[in-house]
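Now for the letters of each chain:
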Amino acid sequence: MATISHSTTSYTSSTESNWLTTYNSYVQKAEFNRIGWAITAMAIQGCILSPVLLLTMAYFGGGDWQFLVSMFGFLAILVPVLSAMPVKNIVPAFALSTVVHLAIILMNVLS
């Protein structure tokens, strides 16, 4: 019986670096300091962004939906930190939550 062999295509990888490969290499190097990243993300979120958001809500009259969105943002950080996920999951959650918090703060201040 004849053996069917599949020809494999030779793939070459380019040495050109894009933002995704840069991010992946940075996250791999940062994995050693995962606890530090987790503590920093929680401290910035819990001690700076959330109180400032609550103060702007109280002073400028923000709605209940803003509080709900900010708590979901804080939860988006808390879940990867407490479940010991790698830095690859903590950094995007922190970045998204920071952008949402800053957008709500700016919306309260500018309106």
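Above this text you will find the structure in question.
Caption draft 1: Up close: the overall build of the protein. When helices and strands are counted, the protein shows four helices and zero strands. If you list the helices and strands of the protein from N to C, you get α-α-α-α. Counted over contacts in the protein with a minimum sequence separation of 6, partners at least 24 positions apart contribute 78%. Per element, the accessible surface of the protein, about 8,100 Å² overall, is 70% carbon and sulfur.

Caption draft 2: Just the nonpolar core, in detail. Counting six residues, the largest nonpolar core is built from Ala38, Ala41, Met42, Ile77, Val81 and Ile90. Of all the secondary-structure elements, those providing two or more residues to this core are α2 (34-60) and α3 (64-82). Sort the elements by how many residues they give to this core and α2 lands first, with three residues. Residues contacting Ile90, with those up to four places away along its chain left out, are Arg34, Ala38, Ala41, Pro80, Val81 and Met85.

Caption draft 3: Expanded view of the packing of helix α1 (residues 19-30) against helix α4 (residues 87-110). Where α1 meets α4, the axes come as close as 9 Å, and the angle between the chain directions of the two elements is 115°. By the angle between their axes, α1 is roughly perpendicular relative to α4. For the pair formed by α1 and α4, the contact residues are Tyr23, Asn24, Val27 and Ala30 on the first element and Val87, Lys88, Val91 and Pro92 on the second. Taken together, the residues of the contact of α1 with α4 break down into six nonpolar, one polar and one charged.

Caption draft 4: Focus on the environment of Thr21. Of note, Thr21 is situated in helix α1. One polar contact links the side chain of Thr21 to the main-chain carbonyl oxygen of Asn18, over a distance of 3.0 Å.

Caption draft 5: Structural detail: the packing of aromatic side chains. All chains considered together, the criterion is met by two aromatic pairs. Centre to centre, the rings of Tyr26 and Trp37 are 6.1 Å apart; their planes meet at 90°, and the pair counts as edge-to-face. Here Tyr26, found in helix α1, pairs with Trp37, found in helix α2; they are 11 residues apart in sequence, far enough to count as distant. Residue Tyr26 is classed as partly exposed on the basis of its relative accessible area, which comes to 47%.

Criteria and cut-off values
Residues numbered from 1 in each chain as written. Predicted model: local features only at pLDDT ≥ 70, side-chain atom pairs only at ≥ 80, totals over all residues. Heavy atoms only, no water. Helix = DSSP H or I, 4+ residues; strand = E, 2+ residues; numbered from the N terminus. Contact = heavy atoms within 4.5 Å. Areas by Shrake-Rupley, 256 points an atom, 1.4 Å probe, with all protein chains shown as cover. Core = buried A, V, L, I, M, F, W, Y, C linked by side-chain atoms within 4.5 Å. Buried < 20%, exposed > 50% of the residue type's maximum accessible area, 1.4 Å probe, protein only. Axes fitted to C-alpha atoms, helices over the stretch in contact; angles between N-to-C directions. Parallel < 35°, antiparallel > 145°, perpendicular 65-115°, else oblique. Nonpolar A, V, L, I, M, F, W, Y, C, P; charged D, E, K, R; others polar. Polar contact = N/O pair within 3.5 Å; in protein donor to acceptor, adjacent residues only side chain to side chain. Phe/Tyr/Trp six-rings, centres within 6.5 Å; stacked < 30°, edge-to-face > 60°.

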